[in-house]
Amino acid sequence: MLKFVIRRLTFSIPVLIGILLVTFTLARAIPGDPCLAVLGERATEDICEAFFRRNGLNEPLPVQLLIYMRNIAQGDLGDSLRFHRPVMDLLVERLPTTVELGTFALLFAISVGVPLGVLSAYRHKSAVDVGTMIGANIGVSMPVFWLGLMLAYLFAVLLKDTPFALPPSGRLTPGASPVPFYIVHGMVAEGEEALGILFFLSRINTLNAVLTLNGGLLVDALRHLILPAVAVGTIPLAIIARMSRSSVLEVLNQDYVRTARAKGLRERAVVGRHALKNAMLPVITVIGLNFGLVISGAVLTETIFSLTGVGRTLVDSITSRDYTLVQGFTVVIAAGFVLINMVVDIMYGYLDPRIRFN
Amino acid sequence: MATKATATLPPEAAYRSPNLWLEALRNLRHSPSALLGMTIIGALVVIAIAAPVFATHDPIKTMIGVPGETGRLPSKPPCLPILGCEEPLHILGLDLNARDLYSRIIFGTRTSLSVGVITISLSIIAGTALGVTAGFLGGTVDNVIMRLMDVVLAFPALLLAISIVTILGPGLTNALLGITITFIPQYARLSRASVLSIKEQEFVAAERALGAGPLRIVVAHILPNAITPIIVQGTLGVGTAILDAAALSFLGLGAQPPTPEWGQILSESRNYLFTSPHLVFFPGFAIMVTVLGFNLLGDGMRDALDPRLNRV
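Residues numbered from 1 in each chain as written. Chains lettered and ligands numbered in written order. Predicted model: local features only at pLDDT ≥ 70, side-chain atom pairs only at ≥ 80, totals over all residues. Heavy atoms only, no water.

Colleague: Mind showing me how you'd approach the overall build of chain B here?
Modeller: When its secondary structure is counted, chain B shows 14 helices and zero strands. Helices (α) and strands (β) of chain B occur, in sequence order from the N terminus, as α-α-α-α-α-α-α-α-α-α-α-α-α-α. Nonlocal contacts in chain B, meaning residues at least 24 apart in sequence, comprise 69% of its contacts between residues at least 6 apart. On chain B, roughly 14400 Å² of surface is accessible, and the fraction owed to carbon and sulfur atoms is 67%. (Helix = DSSP H or I, 4+ residues; strand = E, 2+ residues; numbered from the N terminus. Contact = heavy atoms within 4.5 Å. Areas by Shrake-Rupley, 256 points an atom, 1.4 Å probe, with all protein chains shown as cover.)

Colleague: Can you help me understand helix α4 (residues 32–49) of chain B in this one?
Modeller: Every α-helix winds through 3.6 residues per turn, so residues three or four apart in the chain are directed the same way. Residue and element names in this part refer to chain B. Its 18 residues place the ends of α4 26 Å apart at the C-alpha level, agreeing with the 26 Å of an ideal helix rising 1.5 Å per residue. Those residues of α4 not exposed but buried are A34, G37, I40, I41, L44 and A48. The buried residues of α4 occupy an angular sector of 130 degrees when projected down its axis, which confines them to one face. Facing away from the buried side of α4 by more than 90 degrees, the exposed set consists of P32, T39 and I49. (Expected span 1.5 Å × (residues − 1). Buried < 20%, exposed > 50% of the residue type's maximum accessible area, 1.4 Å probe, protein only. Arc of directions from axis to C-beta.)

Colleague: Mind showing me how you'd approach helix α13 (residues 277–305) of chain B here?
Modeller: Spanning 29 residues, α13 of chain B covers 42 Å between terminal C-alpha atoms, matching the ideal 42 Å at 1.5 Å per step. α13 of chain B sits mainly inside the fold: 23 of its 29 residues count as buried.

Colleague: What am I meant to see in a negative patch on the surface here?
Modeller: Among the surface-exposed residues, D76, D79, D89 and E193 of chain A lie close enough to one another that they form a single negatively charged patch. With respect to the secondary-structure elements, D89 of chain A resides in helix α5 (residues 87–122). (Patch = residues over 30% accessible without salt bridge, like charges linked within 9 Å, V, L, I, M, F, W, Y side chains within 5 Å. Salt bridge = Lys/Arg side-chain N within 4 Å of Asp/Glu carboxyl O. Lys, Arg positive; Asp, Glu negative; His and termini not counted. Charge placed at Lys NZ, Arg CZ, Asp CG, Glu CD.)

Colleague: Is there a simple way to explain a nonpolar patch on the surface in this structure?
Modeller: There is a patch of nonpolar side chains on the surface, built from M1, Y350 and L351 of chain A and spanning about 310 Å² of accessible area. Note that M1 of chain A resides in the segment before α1 (2–29).

Colleague: Teacher, can you tell me more about the pattern of salt bridges here?
Modeller: When charged atoms on two side chains of opposite charge get close, those side chains can pair. A complete count under the given rule lists 16 salt bridges over all chains for this structure. E100 of chain A is the partner of R171 of chain A in a salt bridge, and the nearest nitrogen-oxygen pair spans 2.8 Å. Linking R171 of chain A in the loop between α7 (144–158) and α8 (181–184) with E100 of chain A in helix α5, this pair joins segments that are 71 residues apart in sequence. With its nearest N and O atoms 2.8 Å apart, the salt bridge here joins R302 of chain B to D299 of chain B. Remark: D299 of chain B and R302 of chain B occur in helix α13; sequence separation between them is three residues, near one turn of the helix. Residue classification places R302 of chain B among the partly exposed residues on the basis of a relative accessible area of 32%. A relative accessible area of 12% means that D299 of chain B is categorised as buried. Among the charged side chains, a salt-bridge network with shared partners connects D95, R99, R104 and E268 of chain B.

Colleague: I tried to follow the layout of surface pockets on my own but got confused; where do I start?
Modeller: Summary: where empty space remains is shown by rolling a probe the size of a single water molecule over the atoms. Residue and element names in this part refer to chain A. Estimated volume of the second largest pocket: approximately 1000 Å³. If you trace the second largest pocket, you find 33 residues lining it, with R28, N55, L57, T324 and Q327 closest to the centre. At the level of secondary structure, the elements contributing two or more residues to the lining of the second largest pocket comprise α1, α2 (34–39), α3 (45–54), α4 (61–73) and α15 (323–351). In terms of residue class, the lining of the second largest pocket is built from 15 nonpolar, eleven polar and seven charged. (1 Å grid on protein atoms, 1.4 Å probe; cavity = no way out; pocket = protein on both sides within 12 Å on 5 of 7 lines; lining within 4 Å. Points joined across faces, edges and corners; volume = space filled by probe spheres on them. Nonpolar A, V, L, I, M, F, W, Y, C, P; charged D, E, K, R; others polar.)

Colleague: Sorry, what's going on with the packing of α5 of chain A against helix α13 (residues 267–304) of chain A here?
Modeller: When two helices pack together, you describe them by how their axes are tilted relative to each other and by the distance separating the axes. Residue and element names in this part refer to chain A. Interaxial distance between α5 and α13 falls to 8 Å at its minimum, and their mutual angle equals 145 degrees. Where α5 crosses over α13, the handedness of that crossing is right-handed. Every residue of α13 that contacts α5 at T98, L101, G102, L106, I110, V114, V118 and Y122 is listed here: E267, V271, L276, M280, V283, I287, N290, F291, V294, A298 and E302. Across the contact of α5 with α13, the residue classes break down as 14 nonpolar, three polar and two charged. (Axes fitted to C-alpha atoms, helices over the stretch in contact; angles between N-to-C directions. Left-handed = near helix turned anticlockwise from the far one by under 90°.)

Colleague: It is not clear to me how the interface of chain B and chain A should be interpreted in this structure. Could you clarify?
Modeller: For interface size, the figure often reported is the accessible area lost on association. Contacts between the two partners involve 38 residues from chain B, matched on the other side by 42 residues from chain A. With both chains or domains summed, chain B and chain A bury close to 3600 Å², and 81% of this area falls on carbon and sulfur atoms. Inspection of the chain B/chain A interface yields one salt bridge. For D299 of chain B, the salt bridge identified is with R242 of chain A, shortest N-O distance 3.3 Å. The set of elements that each furnish at least two residues to the side of chain B that touches chain A consists of α7 (139–154), α8 (157–168), α11 (214–250) and α13 of chain B. (Buried area = accessible area lost by both parts, 1.4 Å probe.)

Colleague: Would you mind going over empty space enclosed by the protein with me for this structure?
Modeller: All names here are of chain A. If you walk through the whole model with that rule in mind, you get two cavities of 30 Å³ or more. Its volume calculated, the second largest cavity comes out at about 80 Å³. Counting only elements with at least two residues in the lining of the second largest cavity, the list comes to α5 and α11 (215–252). A class-by-class count of the residues in the lining of the second largest cavity yields five nonpolar, four polar and two charged.

Colleague: Whenever I open this one, the confidence of the model for chain B confuses me. Can you help?
Modeller: Low pLDDT marks regions whose predicted coordinates should not be analysed in detail. Residue and element names in this part refer to chain B. The pLDDT averaged across chain B works out to 84; a share of 86% of its residues lies at or above 70. Ranking the elements of chain B by mean pLDDT puts helix α1 (residues 2–7) last with 46 and helix α6 (residues 101–137) first with 94. Taken over the whole predicted complex, pTM reads 0.87, whereas the ipTM for its chain interfaces reads 0.86. (pLDDT = per-residue confidence, 0-100.)

This is the structure:
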């Protein structure tokens, strides 16, 4: 197993280096003078000269690449042109929104998709099966941004005065300012700055609400999460349902399932203990592959539901030409994507020895 | 030759025609999802070609100052006699710039269909060329090409497309290019895998022994055998490409106003969701139906063309 993990780790290194190369090249392919972009149109030649020297932009490209890699290794993603703050700080501040949204979207997709898929495979060609497959086909064809807008209209306008009404924007009711858990528990004195990781965790509202045992905050955060999470989770849900269905169908036709039935096992044991365990392997891979979809979905959904997460910040930065931010966020997202895929692969190898020894 | 032979045989024998494509077509005919998909796509193609016939108005002309168009400008709900509206007919109402929404959506079919088909065609050509080269030559070339594909795949597709369009500048052509690049690795991987499995087979060795050059082997033997999974993947890909293009337009990076494009129409009116929901509903619905058509056909084709599935 260790050998497999090491092999998989070494396989990721060239991809990670490739990502750095690509973002480095992309940032330098952007038209326009970076000095004028950062310091404004009226920057003189002398000022620009100093700017170039300070940022190592007058060095030859290979040297610039090394500086870039060194900075990234030190967690320095540069300063945002628009916010005049380190990109890393902005990331720590805004990534929690996206992480929370993505997690709930995937939880929704898995908790609905897997049972639906298994059920429609087990009741192959029944009304449940046909209905699920029609629903799944419509689900994968759904533009995320449209679904988000339609959900907002349905729950915030049409169901406005019913108990089903849900807020169409924001993460919490306006005015709510939750106290971070590290202050409630006295881990950090009030007024002092908390460590990045504590700050990051406290920005995940649901987690912070649980850690501070604040029921009202938890309900408020969850109510704001439902619509965007459903919007982001619908395409993954449809894919997961389809995958679980075909995977269970294939396993149910296997000899060992017939053997299990023949030796008189109860149906629940046949399906639960024999079929599902093997059928879930490809489903895990699909769940891993869906992280990309979740990120794409988050970019669109955060824009619709006015959530200041990574996706919305990225899109806004593109329109305002904040290249350092775009570059920094892109590197982190792509690297995170590679790492998640690696973890999924390793999990897959752990669960299925055939992969490990292949 | 095959058709001549089958023509003289009794129907039972004709049914066992060795022609893969005929068999696939027959399978497609029995698949309700493929039939529905083909119907949807067929209808959309007709609408796209004959857009001026179906449209009731000029898609980029505002109705301000047009005789008879009083009192309902701009962004008014659908006006149909069936709804008790006697004013000039606007099937889906007017948009925020007082343009006929129905005509804009009809013309938008052209944009979306061509974006989807062009994107996928380009990425199939580029991807297959790369994949076949990698698989056929092997060694360092293979390694370099495939690692490059891994890097492209490492970026979430929409994010990569956004980055590319940021550099190239917003616009439909650049959006198309950005999306094409995100799709290339899929086809490179598929075609490389096919080449690897086919190139070791005896008929290729025989061809080589007869003195055939590498180009002939690739074009005459490897490509025809590798094309099936690529076509299936491509059909499914058109739907995704249309979704991506609409998303880019929605973010303001794709089609620019006043071009009628569904994502762009949606983006223009999204701030008016609570007052004029019809402006958001119809373009999104059009996107969904189109993508659904390609997904249904792709699924049906996969079932029809994949003999492995037929056995189950």
